[in-house]
Number of protein chains: 2
Amino acid sequence: MPRVLRSSSRKTLVKKRVNKRVNKPVLRRQAKGLRTREAILARAVDIASAQGLEGLTVGSLAEQLGMSKSGLFAHFGSKEELQLATVEMARQVFIDKVTRPAIAAPKGMPRLWSLIDHWLILVEKRVFEGGCFFTAASFEFDGRLGVVRDRIAAIMHEWIGAITRAVQGAQNAGHLDPKLDATRLAFEFHAIAIGAHWAHQLLEDRQAYSRARLMALEKLRGVATLQSPRLP
Amino acid sequence: MPRVLRSSSRKTLVKKRVNKRVNKPVLRRQAKGLRTREAILARAVDIASAQGLEGLTVGSLAEQLGMSKSGLFAHFGSKEELQLATVEMARQVFIDKVTRPAIAAPKGMPRLWSLIDHWLILVEKRVFEGGCFFTAASFEFDGRLGVVRDRIAAIMHEWIGAITRAVQGAQNAGHLDPKLDATRLAFEFHAIAIGAHWAHQLLEDRQAYSRARLMALEKLRGVATLQSPRLP
DNA sequence: ATAGTAAACGAACGTTCGTGCTAATTTGTC
DNA sequence: GACAAATTAGCACGAACGTTCGTTTACTAT
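Residues numbered from 1 in each chain as written. Chains lettered and ligands numbered in written order. Predicted model: local features only at pLDDT ≥ 70, side-chain atom pairs only at ≥ 80, totals over all residues.

S.K.: For this particular structure, what's the right way to read the overall build of chain A?
M.R.: Secondary structure summary: chain A contains nine helices and zero strands in total. For chain A, the N- to C-terminal ordering of α and β elements is α-α-α-α-α-α-α-α-α. In chain A, which comprises 232 residues, the share counted as buried stands at 37%. Here the contacts in chain A between residues at least 6 apart in sequence split such that 62% fall between residues at least 24 apart. (Helix = DSSP H or I, 4+ residues; strand = E, 2+ residues; numbered from the N terminus. Buried ≥ 20, exposed ≤ 12 C-beta atoms within 10 Å, placed from the backbone. Contact = placed C-beta atoms within 7 Å.)

S.K.: Help me understand the nonpolar core, please; the structure alone is not making it clear to me.
M.R.: Burial of nonpolar side chains together is a common tendency in soluble globular proteins. Ranked by internal contacts, the top residues of the largest apolar core, which has 118 residues, are Ile192(A) and Ile192(B). Apart from the residues within four sequence positions on either side, Ile192(A) is in contact with Ala212(A), Met215(A), Ala216(A) and Ala191(B). (Core = buried A, V, L, I, M, F, W, Y, C linked by C-beta atoms within 7 Å.)

S.K.: I would appreciate a short explanation of the interface of chain A and chain B in the present structure.
M.R.: Size of an interface, as often reported, equals the accessible area lost when the parts are brought together. The interface of chain A with chain B comprises 32 residues on the first partner and 32 residues on the second. Only α1 (31–51), α6 (133–141), α7 (147–172), α8 (182–201) and α9 (208–223) of chain A provide two or more residues apiece to the side of chain A that touches chain B. Taken together, the residues of the side of chain A that touches chain B break down into 14 nonpolar, 13 polar and five charged. (Nonpolar A, V, L, I, M, F, W, Y, C, P; charged D, E, K, R; others polar.)

S.K.: Would you mind showing me how to read α6(A) here?
M.R.: Side chains that are three or four residues apart share a direction in an α-helix, a result of its 3.6 residues per turn. By the criterion of burial, α6(A) is predominantly enclosed, with eight of the nine residues buried. For α6(A), the set of buried residues is Phe133(A), Thr135(A), Ala136(A), Ala137(A), Ser138(A), Phe139(A), Glu140(A) and Phe141(A).

S.K.: Would you mind showing me how to read the relation of the copies chain A and chain B here?
M.R.: What connects the two chain copies is a rotation about an axis and a shift along it. When chain A is fitted to chain B, the best match, at an RMSD of 0.0 Å, comes from turning it 180 degrees and sliding it 0.0 Å along the axis. What the superposition gives is, in effect, a two-fold axis relating one chain to the other. Relative to the rotation axis, the closest C-alpha in chain A is found at Ala191(A), a distance of 2.6 Å. Interface overlap between copies: 94% of the residues of chain A at the interface are likewise at the interface in chain B, consistent with a symmetric, same-surface contact. (Least-squares fit on C-alpha atoms with pLDDT ≥ 70 in both.)

S.K.: How do you make sense of the packing of helix α5 (residues 109–124) of chain A against α9(A) when you look at a structure like this?
M.R.: Residue and element names in this part refer to chain A. Interhelical geometry of α5 versus α9 gives an angle of 175 degrees and a closest axis separation of 11 Å. On the basis of the axis angle, α5 is roughly antiparallel to α9. Residues Trp113, Ile116, Leu120 and Glu124 of α5 touch α9, and the partners they reach there are Tyr209, Ala212, Arg213, Ala216 and Leu220. Within the contact of α5 with α9, the residues separate by chemical class into seven nonpolar, no polar and two charged. (Axes fitted to C-alpha atoms, helices over the stretch in contact; angles between N-to-C directions. Parallel < 35°, antiparallel > 145°, perpendicular 65-115°, else oblique.)

S.K.: Is there a simple way to think about the packing of helix α4 (residues 79–102) of chain A against α7(A) in this case?
M.R.: When two helices pack together, their arrangement is given by the angle between the helix axes and the distance between those axes. Residues and elements named next belong to chain A. Their axes nearest at 9 Å, the elements α4 and α7 cross at an angle of 10 degrees. Judged by the angle between their axes, α4 and α7 are roughly parallel. Of α7, the residues touching α4 (which contributes Glu80, Gln83, Leu84, Val87, Arg91 and Thr99) are Val147, Val148, Arg151, Ile152, Ile155 and Ala162.

S.K.: How do you make sense of unusual backbone geometry when you look at a structure like this?
M.R.: A negative phi angle is the norm for most residues apart from glycine, just as the trans form is the norm for most peptide bonds. A positive phi angle is found at Glu204(A), which is not glycine, with a value near 55 degrees. Accessibility expressed as a C-beta count within 10 Å gives 10 for Glu204(A), which makes it exposed. Positioned with a positive phi, Arg126(B) is a non-glycine residue whose angle comes to about 55 degrees. As for its position among the elements, Arg126(B) is in the loop between α5 (109–124) and α6 (133–141). Overall, Arg126(B) belongs to the exposed group, with 12 C-beta atoms counted inside 10 Å.

S.K.: Just to check I follow, could you spell out the environment of Gly161(A) for this structure?
M.R.: All names here are of chain A. Residue placement: Gly161 occurs in helix α7. The exposed category is assigned to Gly161, around which 12 C-beta atoms lie within 10 Å. As a C-alpha pair, Gly161 and Ala186 span 25 residues in sequence and 8.2 Å in three-dimensional space.

Pasting the structure below:
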């Protein structure tokens with residue numbers, strides 16, 4: 001069998017065994033393992049969205065899945081790797097439920113609105129048990145250091161970038177006033193979304209999401225050109 | 001964290017021992033004790049604002065203050081009491097730095113703006129080590145149950161109420177269009193603030209706060225009447 | 001059918017968590 | 001300066017944490 005080429009990077013002079021990640025999973029994954037891994041991460045995303053990525057513990061996760069701590073742990077090798085994999089899984093869900101559906105809408109204003117709308121649908125439909133994974137993760141890790149925080153920040157940069165591009169797309173399509181600062185508008189929409197989530201989750205404000213829709217639509221109508229298609 | 005499955009000592013029916021709050025402070029606090037308590041809570045607020053209220057541990061807190069775990073612990077009796085006391089202390093700081101200074105401004109538009117401005121000053125000046133205590137606490141506890149979550153939610157209701165009253169005050173003073181939905185406007189200002197904080201903390205966006213000021217001012221100017229005093 | 005590897009387990013490690021006792025020390029009052 | 005109360009320290013406990021290890025079970029490729 002074709003042995004997987006191990007990157008034998010012995011080129012560096014071995015100085016001191018700075019351990020940290022010695023026993024990386026060098027396993028060749030098979031179907032069964034991948035299926036289990038998916039199941040683990042699906043549950044992990046839900047737990048983390050509700051309890052936080054630190055509140056996500058190996059023991060409770062294993063228990064909820066009816067498997068042993070060690071068996072579960074072997075899939076990742078460290079808690080940090082588990083967290084990173086969980087973040088990656090959440091990103092995939094986010095892309096599947098928000099980013100990709102949104103680009104099905106026609107360029108310009110409809111696509112911009114679709115992006116905002118799908119985010120609100122995501123949190124309303126409780127795709128993540130705890131509401132929005134990345135909102136929770138953002139505020140949990142914004143005061144820390146390390147690879148997990150960096151990854152979360154990178155993904156949130158991606159997200160703000162996506163909104164910004166949608167705004168610019170609407171400007172290029174002639175649907176939005178081209179003199180507007182696209183970045184600022186993107187931040188405004190994101191802020192409305194976070195604010196609504198906060199009001200719904202903490203204050204149990206049932207109107208939060210519909211109010212957010214109204215606020216976003218009103219904002220859009222306020223800056224739309226005459227060529228813009230009608231908004232909902 | 002499943003603290004729920006605790007104290008299930010059903011093997012002995014003799015002593016019910018619903019521990020929870022047995023050793024309430026029957027103590028008459030003295031000056032020294034109160035001073036120590038203040039010092040503990042001052043540090044606790046900082047730690048919690050950066051690491052979260054769960055990340056705040058008795059051990060690390062005691063170490064940072066150069067005292068023993070047990071000595072510190074005796075001031076509160078339980079972790080939950082410590083968290084509640086920390087929340088209360090943070091509330092006091094918030095009132096001292098935001099709410100109270102703001103009501104020094106004249107009624108109406110100036111006071112409304114002062115409220116928003118002082119919130120931004122609070123987070124800019126890093127009065128809380130981790131940025132804003134209540135933003136962090138809100139998103140940490142929004143998926144949990146218990147008295148700590150309830151207290152945080154109540155304080156945030158207070159806060160939204162304060163903004164709402166400021167908006168209504170500006171309407172009554174004839175500075176703001178009286179047909180506007182005060183609640184919606186309050187949520188909008190709060191959302192702008194949270195959003196700015198998110199961008200600054202996680203994305204390290206240095207312009208976040210000044211952008212938030214611009215956004216809030218622009219919003220205010222858009223709905224101000226002609227009688228309104230000039231904004232900054 | 002069987003060898004070899006991937007996946008999962010169970011038990012234990014060393015820490016750290018919150019918490020409960022008891023003893024010592026400090027503080028405020030007379 | 002004595003005395004009681006308030007405060008702090010010392011020590012220990014059980015539970016849960018992330019992690020390691022050796023072993024067993026289940027798959028898969030010959």
